[in-house]
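Now for the letters of each chain:
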Amino acid sequence: LYGWFDKQENVEKAKELVLRASRLGCHCAMAECAYKGWGEEKDVDKAFKSYSELAKKSNTHAMHRLGCYWDFDAENVDPKEAVRWYRRAAKGGHISASYNLSVAYNFGLGVAKNPREAFKWCSRSANL
(Lines give C-alpha, C1' and ligand atoms only; values in the text may rest on other atoms or scores of the structure.)
Protein backbone atom coordinates (compact mmCIF):
# COMPACT_ATOMS: atom_id res chain seq x y z
CA LEU A 1 0.00 0.00 0.00
CA TYR A 2 3.03 2.28 0.00
CA GLY A 3 2.01 5.46 -1.78
CA TRP A 4 -1.59 4.29 -2.19
CA PHE A 5 -3.02 7.32 -0.39
CA ASP A 6 -0.83 9.71 -2.40
CA LYS A 7 -3.49 9.75 -5.10
CA GLN A 8 -6.78 11.51 -4.42
CA GLU A 9 -8.81 8.83 -6.24
CA ASN A 10 -7.49 6.22 -3.80
CA VAL A 11 -8.50 8.37 -0.83
CA GLU A 12 -11.97 8.74 -2.35
CA LYS A 13 -12.21 4.97 -2.90
CA ALA A 14 -11.18 4.30 0.71
CA LYS A 15 -13.73 6.84 1.92
CA GLU A 16 -16.43 5.18 -0.21
CA LEU A 17 -15.62 1.74 1.23
CA VAL A 18 -15.59 2.97 4.84
CA LEU A 19 -18.91 4.77 4.32
CA ARG A 20 -20.41 1.61 2.83
CA ALA A 21 -19.21 -0.46 5.79
CA SER A 22 -20.64 2.15 8.15
CA ARG A 23 -24.04 1.99 6.46
CA LEU A 24 -23.94 -1.81 6.82
CA GLY A 25 -23.49 -1.40 10.58
CA CYS A 26 -19.74 -1.93 11.02
CA HIS A 27 -19.11 -0.17 14.33
CA CYS A 28 -15.44 0.46 13.63
CA ALA A 29 -16.30 2.09 10.29
CA MET A 30 -19.01 4.16 11.99
CA ALA A 31 -16.46 5.44 14.51
CA GLU A 32 -13.99 6.18 11.70
CA CYS A 33 -16.64 8.21 9.83
CA ALA A 34 -17.36 10.25 12.96
CA TYR A 35 -13.61 10.71 13.54
CA LYS A 36 -12.96 11.95 10.00
CA GLY A 37 -16.30 13.67 9.34
CA TRP A 38 -17.14 11.35 6.46
CA GLY A 39 -20.87 11.26 5.70
CA GLU A 40 -21.63 13.24 8.84
CA GLU A 41 -20.25 16.18 10.76
CA LYS A 42 -16.88 15.45 12.38
CA ASP A 43 -17.46 14.39 15.98
CA VAL A 44 -14.25 13.29 17.71
CA ASP A 45 -16.03 12.80 21.04
CA LYS A 46 -18.56 10.44 19.44
CA ALA A 47 -15.72 8.54 17.79
CA PHE A 48 -13.85 8.38 21.13
CA LYS A 49 -16.88 6.80 22.82
CA SER A 50 -17.30 4.29 20.01
CA TYR A 51 -13.61 3.39 19.98
CA SER A 52 -13.68 2.98 23.78
CA GLU A 53 -16.50 0.44 23.49
CA LEU A 54 -14.71 -1.42 20.70
CA ALA A 55 -11.44 -1.45 22.66
CA LYS A 56 -13.23 -3.22 25.52
CA LYS A 57 -13.85 -6.00 22.97
CA SER A 58 -10.10 -6.22 22.14
CA ASN A 59 -10.35 -4.34 18.82
CA THR A 60 -6.75 -3.29 18.13
CA HIS A 61 -7.72 -0.68 15.53
CA ALA A 62 -9.88 1.01 18.15
CA MET A 63 -7.04 0.85 20.68
CA HIS A 64 -4.70 2.47 18.16
CA ARG A 65 -7.26 5.21 17.43
CA LEU A 66 -7.58 5.88 21.18
CA GLY A 67 -3.81 6.31 21.28
CA CYS A 68 -4.07 8.77 18.40
CA TYR A 69 -6.87 10.58 20.22
CA TRP A 70 -4.72 11.10 23.32
CA ASP A 71 -1.72 11.97 21.15
CA PHE A 72 -3.38 14.56 18.91
CA ASP A 73 -7.11 15.21 19.42
CA ALA A 74 -7.86 15.30 23.13
CA GLU A 75 -8.57 18.68 24.69
CA ASN A 76 -5.79 17.85 27.11
CA VAL A 77 -3.26 15.82 25.13
CA ASP A 78 -1.84 13.04 27.32
CA PRO A 79 1.25 11.25 25.92
CA LYS A 80 1.24 8.68 28.76
CA GLU A 81 -2.34 7.69 27.97
CA ALA A 82 -1.47 7.57 24.25
CA VAL A 83 1.41 5.19 24.99
CA ARG A 84 -0.85 3.02 27.13
CA TRP A 85 -3.25 2.52 24.19
CA TYR A 86 -0.48 2.14 21.61
CA ARG A 87 1.10 -0.58 23.77
CA ARG A 88 -2.17 -2.50 24.10
CA ALA A 89 -2.78 -2.33 20.34
CA ALA A 90 0.84 -3.19 19.52
CA LYS A 91 0.75 -6.25 21.77
CA GLY A 92 -2.32 -7.29 19.78
CA GLY A 93 -0.33 -7.04 16.54
CA HIS A 94 -1.34 -3.59 15.25
CA ILE A 95 1.45 -2.36 12.93
CA SER A 96 0.88 1.40 13.22
CA ALA A 97 0.56 1.19 17.00
CA SER A 98 3.89 -0.66 17.16
CA TYR A 99 5.51 2.07 15.10
CA ASN A 100 3.92 4.87 17.17
CA LEU A 101 5.17 3.16 20.32
CA SER A 102 8.68 3.05 18.85
CA VAL A 103 8.48 6.80 18.17
CA ALA A 104 7.37 7.42 21.76
CA TYR A 105 10.37 5.48 23.12
CA ASN A 106 12.76 7.09 20.63
CA PHE A 107 11.82 10.63 21.65
CA GLY A 108 10.72 10.04 25.25
CA LEU A 109 7.07 10.98 24.65
CA GLY A 110 4.95 9.66 27.52
CA VAL A 111 7.71 7.19 28.49
CA ALA A 112 11.36 7.42 29.39
CA LYS A 113 13.55 7.70 26.31
CA ASN A 114 14.79 4.20 25.53
CA PRO A 115 16.53 3.46 22.20
CA ARG A 116 16.40 -0.32 22.79
CA GLU A 117 12.65 -0.30 23.30
CA ALA A 118 12.30 2.01 20.29
CA PHE A 119 14.24 -0.45 18.16
CA LYS A 120 12.26 -3.41 19.49
CA TRP A 121 8.88 -1.89 18.64
CA CYS A 122 10.06 -0.52 15.29
CA SER A 123 11.36 -3.96 14.38
CA ARG A 124 8.05 -5.53 15.37
CA SER A 125 6.16 -3.10 13.18
CA ALA A 126 8.41 -3.97 10.25
CA ASN A 127 7.89 -7.69 10.77
CA LEU A 128 4.11 -7.73 11.28
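Here the residue numbering is sequential within each chain, running from 1 through the sequence in written order. Predicted model: local features are reported for residues with pLDDT of at least 70 only, side-chain atom pairs are reported and counted for 80 or more only, and whole-chain, interface and lining totals are derived from all residues. Side-chain measures were taken over the full set of non-hydrogen atoms in the model, leaving aside hydrogen atoms and water.

Draft legend 1. Seen up close, a negative patch on the surface. Here, patches come from residues exposed beyond 30% relative accessible area and free of salt bridges, joined within 9 Å for like charges and within 5 Å for nonpolar side chains (Val, Leu, Ile, Met, Phe, Trp, Tyr). Residue exposure ignores everything except the shown protein chains as possible cover, and the areas themselves are Shrake-Rupley values with a 1.4 Å probe. Whenever Lys or Arg places a side-chain nitrogen within 4 Å of a carboxyl oxygen from Asp or Glu, that contact is recorded as a salt bridge. His is not counted, nor are the chain ends, whereas Lys and Arg count as positive and Asp and Glu as negative. Charge placement uses NZ in Lys and CZ in Arg. For Asp and Glu, CG and CD serve respectively. Taken together, the side chains of E41, D43, D45 and E75 make up a negatively charged region of the molecular surface. Residue burial is assigned from relative accessible area. The probe radius is 1.4 Å, only protein chains are included, and a residue is buried under 20% of its type maximum, exposed over 50%, and partly exposed in between. A relative accessible area of 71% places E41 in the exposed class.

Draft legend 2. Structural detail: the pattern of salt bridges. Applying the stated criterion across every chain yields a total of 8 salt bridges. Among the salt bridges present, the one from E16 reaches K13, with a minimum N-O distance of 3.7 Å. Placement of the pair is E16 and K13 together in helix α1 (residues 8–23), with a separation of 3 residues, close to one helical turn. Owing to a relative accessible area of 37%, E16 belongs among the partly exposed residues under this scheme. Numbering of helices and strands starts at the N terminus; helices are DSSP runs of H or I of at least 4 residues and strands are runs of E of at least 2.

Draft legend 3. Region of the structure containing the nonpolar core. We call a set of buried Ala, Val, Leu, Ile, Met, Phe, Trp, Tyr and Cys residues a nonpolar core when their side-chain atoms join them within 4.5 Å. Counting residues in each nonpolar core, the largest one holds 28 residues, and the members touching the most others are Y35, Y51, A55, Y86, L101 and Y105. For this core, the elements supplying multiple residues, two or more each, are α2 (27–36), α3 (44–56), α4 (60–73), α5 (79–91), α6 (95–107) and α7 (115–127). We call two residues contacting when some pair of their heavy atoms lies within 4.5 Å. Setting aside anything within four residues of it in sequence, one finds A55 in contact with A62, M63, L66, W85 and R88.

Draft legend 4. Region of the structure containing the side chain of H94. One can find H94 in the loop between α5 and α6. On the basis of relative accessible area, H94 is assigned to the buried category, the value being 14%. In terms of polar contacts, H94 uses its side chain to reach the backbone amide nitrogen of A97, at 3.1 Å. Once residues lying within four places of it in the same chain are set aside, the contact partners of H94 are T60, H61, H64, A89 and L128. Identification of polar contacts relies on pairs of N or O atoms within 3.5 Å, with a donor-acceptor requirement for protein atoms, meaning one able to donate a hydrogen and the other able to accept it, and with residues adjacent in sequence counted only if both atoms are side-chain atoms.

Draft legend 5. Quick peek at the packing of α1 against α2. What counts as an axis is a line fitted to C-alpha atoms, over the stretch in contact for a helix, and the angles between N-to-C directions run from 0 to 180 degrees. Running from amino to carboxyl end, α1 crosses α2 at an angle of 125°, the nearest separation of the two axes being 7 Å. Classified by the angle their axes make, α1 and α2 are oblique. Two packed elements cross with a definite hand, and for α1 against α2 that hand is left-handed. Residues V18, L19, A21 and S22 of α1 lie in contact with α2, whose contacting residues are A29, M30, E32 and C33. Throughout this entry, Asp, Glu, Lys and Arg are counted as charged residues, while Ala, Val, Leu, Ile, Met, Phe, Trp, Tyr, Cys and Pro are counted as nonpolar. The remaining residues, Gly among them, count as polar. Classifying every residue of the contact of α1 with α2 gives 6 nonpolar, 1 polar and 1 charged. In this scheme, roughly parallel covers angles under 35 degrees and roughly antiparallel covers those over 145, while 65 to 115 is roughly perpendicular and the rest are oblique. Two helices cross in a left-handed way if the nearer one is turned anticlockwise from the farther one by less than a right angle. They cross in a right-handed way if the turn is clockwise.

Draft legend 6. A look at the state of the cysteines. Any two cysteine sulfur atoms within 2.5 Å of one another count as a disulfide. This model, assessed by the stated rule, comprises 0 disulfides. Take C28: it sits in no disulfide, and the sulfur closest to it among the cysteines is that of C26, at 5.8 Å. C33 forms no disulfide, and the closest cysteine sulfur to it belongs to C26, at a distance of 9.2 Å.

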